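So you can see what is in the structure, the chains are spelled out below.
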Amino acid sequence: MRLYPPVYTLFREPKLDVKLGGYRIPEGAALMLPQWVIHRSPRWYDDPEAFDPDRWTPERRSRRPRFAYFPFGGGPRHCIGKAFSLLEAKLILASVCAEYELDYEGPDLSLRGSLTMHPNHPVPMRVRER
Ligand code: HEM
């Protein structure tokens, strides 16, 4: 969800002129809030391309601002399916991985960003019973 956020950017359009982080943003401007870029920024993550579950210890997490990680958006229009998706993902992973080992042996993933980010080609996996 950090390295491959399905929703890889959000858009907002201010209704009034605003000042954000020292920048003057005029009414009607197209604002892009790209999870893809922010989730991989060395400003917030050491060795940003590496998968490292220890990044999420409470101690390391507390060193990052709230919106260094926002796969489900935030504020009044945040995703209403957040809790459901996270629970569903854990249940599927736990049920499948308890019985099978999955390996991806193919080339680096080539990705296609349309409404959501997804693989550009089939992703064949080698499946072994545990
Ligand atoms: C991994 C799965 C999902 C991701 C990454 C995701 C991500 C997002 C994000 C980033 C937004 C905010 C869009 C914005 O602010 O412009 C959003 C909104 C929304 N999501 Fe999800 N979503 C997921 C699954 C779901 C599911 C399972 C449901 C329904 C059961 C759902 C329903 C919605 C709805 C209705 C909104 C609009 C909320 C509003 O505008 O008030 N999402 N989602």
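Residues numbered from 1 in each chain as written. Predicted model: local features only at pLDDT ≥ 70, side-chain atom pairs only at ≥ 80, totals over all residues. Heavy atoms only, no water.

K.L.:
How would you sum up the domain arrangement of the protein? Please name residues and give values.
P.N.:
Under the domain assignment used here, the protein contains domain 1 (1-78) and domain 2 (80-130). With seven residues of domain 1 in contact, the opposing surface of domain 2 contributes ten residues. Approximately 750 Å² of surface area, both sides summed, lies buried where domain 1 meets domain 2, with 76% of it carried by carbon and sulfur atoms. It is Tyr8, Phe72 and His78 in domain 1 that bury the most area against domain 2; as a group they hold 60% of the surface buried on that side. For the pair domain 1 and domain 2, the number of links is zero salt bridges. One can count four residue pairs in polar contact (both at pLDDT 80 or more) joining domain 1 with domain 2. Residue composition of the side of domain 1 that touches domain 2, by class: six nonpolar, one polar and no charged. (Domains from an automatic or database assignment. Contact = heavy atoms within 4.5 Å. Buried area = accessible area lost by both parts, 1.4 Å probe. Salt bridge = Lys/Arg side-chain N within 4 Å of Asp/Glu carboxyl O. Polar contact = N/O pair within 3.5 Å; in protein donor to acceptor, adjacent residues only side chain to side chain. Nonpolar A, V, L, I, M, F, W, Y, C, P; charged D, E, K, R; others polar.)

K.L.:
Got a sec to walk through the site of the ligand? Specific residues and values, please.
P.N.:
Among the 15 residues in the neighbourhood of the ligand, the closest are listed as Arg12, Pro71, Arg77, Cys79 and Ser85. Between Arg12 and the ligand, the recorded distance is 2.6 Å, taken from a side-chain N or O atom to an oxygen atom. At a separation of 2.9 Å, an oxygen atom of the ligand approaches a polar side-chain atom of Arg77. Breaking the shell around the ligand down by element, the ones donating at least two residues are β1 (10-12) and α3 (82-99). A class-by-class count of the residues in the shell around the ligand yields nine nonpolar, four polar and two charged. (Near = heavy atom within 4 Å. Helix = DSSP H or I, 4+ residues; strand = E, 2+ residues; numbered from the N terminus.)

K.L.:
Explain the coordination of the iron atom of the ligand to me, using residue names and the numbers behind them.
P.N.:
For the iron atom of the ligand, the sole protein-derived donor is Cys79 (SG), lying 2.2 Å away. In this structure, Cys79 sits in the loop between α2 (58-61) and α3. (Donors = N, O, S within 2.8 Å, 3.2 Å for Na, K, Ca; no water.)

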